[in-house]
Amino acid sequence: MIRPKRSTLKSRSQVSLEREYKFLHSTTTWSGVPIMGANMDTVGTFEMALALAKENLFTAIHKHYSLK
């Protein structure tokens, strides 16, 4: 997803990891940093999803959680 290429930036502080994605077969777009929290027991929790959502990041919720 992130490939190195030549740049005209003068400093690493000028780098932005934010990207915009357009979903196939949909008019929906998403803008953010393409990082996802894993769906492991201790990472893919609802609390982690809320914390990462504040930074506009994804979380794969653990499969044993219900919608309730």
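About the cut-offs
Residues numbered from 1 in each chain as written. Predicted model: local features only at pLDDT ≥ 70, side-chain atom pairs only at ≥ 80, totals over all residues. Heavy atoms only, no water. Helix = DSSP H or I, 4+ residues; strand = E, 2+ residues; numbered from the N terminus. Rg over C-alpha atoms; globule rule 2.2 N^0.38 Å. Buried < 20%, exposed > 50% of the residue type's maximum accessible area, 1.4 Å probe, protein only. Contact = heavy atoms within 4.5 Å. Areas by Shrake-Rupley, 256 points an atom, 1.4 Å probe, with all protein chains shown as cover. Lys, Arg positive; Asp, Glu negative; His and termini not counted. Charge placed at Lys NZ, Arg CZ, Asp CG, Glu CD. Phe/Tyr/Trp six-rings, centres within 6.5 Å; stacked < 30°, edge-to-face > 60°. pLDDT = per-residue confidence, 0-100.

Novice: Explanation requested: the overall build of the chain in the structure shown.
Specialist: Within the chain one finds one helix and four strands. Reading the secondary structure of the chain in the N-to-C direction produces β-β-β-α-β. A globule of 68 residues ought to have a C-alpha radius of gyration of about 11 Å, yet the chain, at 16 Å, is considerably larger. Here the C-alpha coordinates of the chain stretch approximately 50 × 30 × 20 Å along the principal axes. Looking at the chain as a whole, 16% of its 68 residues qualify as buried. Nonlocal contacts in the chain, meaning residues at least 24 apart in sequence, comprise 11% of its contacts between residues at least 6 apart. For the chain, the accessible surface area stands at approximately 6500 Å², while carbon and sulfur atoms represent 57% of it. Considering the chain, the positive charge centre built from 10 side chains and the negative charge centre built from 5 side chains are found 12 Å apart.

Novice: Mind showing me how you'd approach the environment of Ile35 here?
Specialist: Of note, Ile35 is situated in the loop between strand E2 (29-32) and strand E3 (36-37). Judged by its relative accessible area of 45%, Ile35 falls in the partly exposed class. Between the C-alpha atom of Ile35 and that of Ser66, which follows or precedes it by 31 residues, the distance is 23 Å. Ignoring any residue separated from it by four or fewer positions in sequence, one finds Ile35 in contact with Leu57 and Phe58.

Novice: I keep staring at the packing of aromatic side chains and nothing clicks. Help me out?
Specialist: The final tally for this structure, using the stated rule, is two aromatic pairs. Seen in terms of ring centroids, Tyr21 and Trp30 are 6.1 Å apart; in terms of plane orientation they differ by 25°. Their pairing is stacked. Since its relative accessible area comes to 28%, Tyr21 is described here as partly exposed. In textbook terms, an aromatic cluster arises when at least three aromatic residues are bridged by ring pairs, as seen for Tyr21, Trp30 and Phe58.

Novice: Which parts of the structure should I look at to understand the confidence of the model for the chain?
Specialist: Fine structural detail should not be taken from predicted coordinates in areas where pLDDT scores are low. Here the chain averages 84 in pLDDT, and 99% of its residues register 70 or above. Across the chain, strand E1 (residues 19-22) holds the top mean pLDDT of 90, while E3 sits lowest at 82.

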